[in-house]
Amino acid sequence: MGKFSGVIWHIIAIGVIAIWGTTFISSKILILHGMTPSEIFVIRFAIAYIGIWFISPKKLFCDNVKDELKMLLLGATGGSLYFLAENSALQYTQATNVSLIICSTPIVTTLLCILLKKDKMRKNFAIGSVLAFIGVALVVFNGKFILKLSPVGDFLTFCASSCWAVYSLVMDEIQDKYNNAFATRKVFFYGLLTIIPVFFFQSWETGLDVLKMPVIWGNLLFLGVIASLVCFALWNPVIKKVGIVNSSNYLYLNPVFTLIGALIFLGERITVISAIGTIIILLGVWTASKR
């Protein structure tokens, strides 16, 4: 039963990544209808925050100030800072750079574990990571290998990648002390709180007439309920059950599911290069996950 339970958590991890891989499509649809990324984030996290109140303990604060500050750090690194860094990077560099660098998250996470937790790098993980990263490059560039370096944009993307790595490490630590639903609720709250300063510099542009459109509220509900509430609530225990390094390794699958989602919902075709890249990613993830 223990082995079966372990397999289940790996399946859940892949399922969460599959959903997160399609969030780019929902966000793209909303942006095409006039919503800004910041507005999407606020509504998405607000829906998730309201929803999680029905299942989380009614406890308001952590046991001490130190843990409360850790929750603040989780909300920023897993929410607002990650979001701001990634979306701001797109203003300075090409999307392919962002897609490729953001997939270095498993490597950054592993390095932090080695430095802070004294973990050891497994040989098969190193080989699998290299294979998966090559596969990601094939999918992202799709045969057009044009890498335009942009120091500001690429640095911001690396910051986003580092934010998620920090989120994984802190969440792994905090879950030993607090209920998962409570911790997830705090992430949503502090994610919303730390995004507020953005609106000191930009106004809210989306009106109620736009939000009433079925395509708008349908995608917002998907992002808020499924991609945020459900996926964050599942991903946090995945970090504990599967491990920080192994769970982050599944992030390599993100562009694969984005590719599949774009094929189904946007009618974009899969080329031979991207198909080969997908196979290499799967091979890399499987190699890295082997014991």
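Anything mentioned here points back to the structure above.
Quick look at the structure, then. (Residues numbered from 1 in each chain as written. Predicted model: local features only at pLDDT ≥ 70, side-chain atom pairs only at ≥ 80, totals over all residues. Heavy atoms only, no water.)

Topic: the pattern of salt bridges
Alright, step 1. For the structure shown, the criterion picks out six salt bridges.
Alright, step 2. Between Lys-59 and Asp-63 there is a salt bridge, with its nearest N and O atoms 2.6 Å apart.
Alright, step 3. Residue class for Asp-63 comes out exposed when judged on its relative accessible area of 54%.
Alright, step 4. Among the salt bridges present, the one from Lys-177 reaches Asp-67, with a minimum N-O distance of 2.6 Å. One end of the pair, Lys-177, is in the loop between α7 (151-174) and α8 (180-195); the other, Asp-67, is in helix α3 (residues 65-89), with 110 residues separating them in the sequence. (Salt bridge = Lys/Arg side-chain N within 4 Å of Asp/Glu carboxyl O. Buried < 20%, exposed > 50% of the residue type's maximum accessible area, 1.4 Å probe, protein only. Helix = DSSP H or I, 4+ residues; strand = E, 2+ residues; numbered from the N terminus.)

Comments concerning the packing of α8 against helix α10 (residues 214-242)
Alright, step 1. Where α8 contacts α10, the axes come no closer than 10 Å and their chain directions differ by 125°. Between α8 and α10, the crossing angle belongs to the class labelled oblique. Read as a crossing pair, α8 and α10 show a hand that is right-handed. Facing Asn-180, Thr-184, Val-187 and Phe-188 of α8, the residues of α10 in contact are Ser-228, Leu-229, Phe-232, Ala-233, Asn-236 and Pro-237.
Alright, step 2. Of the residues that constitute the contact of α8 with α10, the class distribution is six nonpolar, four polar and no charged. (Axes fitted to C-alpha atoms, helices over the stretch in contact; angles between N-to-C directions. Parallel < 35°, antiparallel > 145°, perpendicular 65-115°, else oblique. Left-handed = near helix turned anticlockwise from the far one by under 90°. Contact = heavy atoms within 4.5 Å. Nonpolar A, V, L, I, M, F, W, Y, C, P; charged D, E, K, R; others polar.)

Quick word on the packing of aromatic side chains
Alright, step 1. One pass over the structure, following the stated rule, counts 17 aromatic pairs.
Alright, step 2. Their ring planes at 85° and their centres at 6.1 Å tell us that Tyr-49 and Trp-53 sit as a pair that is edge-to-face.
Alright, step 3. For Trp-53, a relative accessible area of 24% corresponds to the partly exposed category.
Alright, step 4. On the numbers, 5.6 Å between centres and 70° between planes, the contact of Phe-188 with Phe-232 is edge-to-face. Here Phe-188, found in helix α8, pairs with Phe-232, found in helix α10; they are 44 residues apart in sequence, far enough to count as distant.
Alright, step 5. Cluster of aromatic residues (ring-pair linked, three or more members): Trp-20, Phe-41, Phe-45, Tyr-82, Phe-83, Trp-164, Tyr-167, Phe-188, Phe-232 and Trp-235.
Alright, step 6. One Lys or Arg, Lys-59, reaches over the ring of Phe-182 and ends 5.7 Å from the middle of that ring.
Alright, step 7. Against the face of Trp-53 rests Arg-185, its NZ or CZ located 4.1 Å from the ring centre. (Phe/Tyr/Trp six-rings, centres within 6.5 Å; stacked < 30°, edge-to-face > 60°. Lys NZ or Arg CZ within 6 Å of the ring centre and 35° of its normal.)

Remarks on the nonpolar core
Alright, step 1. Counting 68 residues, the largest nonpolar core has Trp-20, Met-71 and Trp-235 as the members making the most contacts within it.
Alright, step 2. A total of 11 residues in this core trace back to one element, the largest contributor, which is α10.
Alright, step 3. In contact with Trp-20, other than residues within four places in its own chain, are Arg-44, Trp-164, Ala-227, Cys-231, Phe-232, Trp-235 and Asn-254. (Core = buried A, V, L, I, M, F, W, Y, C linked by side-chain atoms within 4.5 Å.)

Overview of the side chain of Thr-206
Alright, step 1. Mapped onto the elements, Thr-206 comes out in the loop between α8 and α9 (208-211).
Alright, step 2. Separated by 2.4 Å, the side chains of Thr-206 and Glu-39 make a polar contact. (Polar contact = N/O pair within 3.5 Å; in protein donor to acceptor, adjacent residues only side chain to side chain.)

A word on the environment of Ile-216
Alright, step 1. Tracing the backbone through its elements, the reader meets Ile-216 in helix α10.
Alright, step 2. Once the C-alpha coordinates of Ile-216 and Ser-26 are considered, the two residues, 190 residues apart in sequence, prove to be 9.1 Å apart.
Alright, step 3. Leave out the neighbours within four places in its chain, and Ile-216 touches Leu-30, His-33, Met-35, Val-210 and Leu-211.

Digging into helix α5 (residues 105-116)
Alright, step 1. Compared with an ideal rise of 1.5 Å per residue, which puts 12 residues at 16 Å, α5 spans 16 Å between its outermost C-alpha atoms and is within 8% of the ideal.
Alright, step 2. What α5 keeps buried is the set Thr-105, Pro-106, Val-108, Thr-109, Thr-110 and Cys-113.
Alright, step 3. Just beyond α5, the residue with positive phi is Lys-118, at close to 60°. (Expected span 1.5 Å × (residues − 1).)

Re the packing of helix α2 (residues 37-52) against α3
Alright, step 1. Where α2 meets α3, the closest approach of the two axes is 11 Å, and the angle between their N-to-C directions is 160°. By the angle between their directions, the pair α2 and α3 is classed as roughly antiparallel. The two elements α2 and α3 cross, and the hand of that crossing is right-handed. Along the contact surface, α2 presents Pro-37, Ser-38, Phe-41 and Phe-45, while α3 presents Gly-78, Gly-79, Ser-80, Phe-83 and Asn-87.

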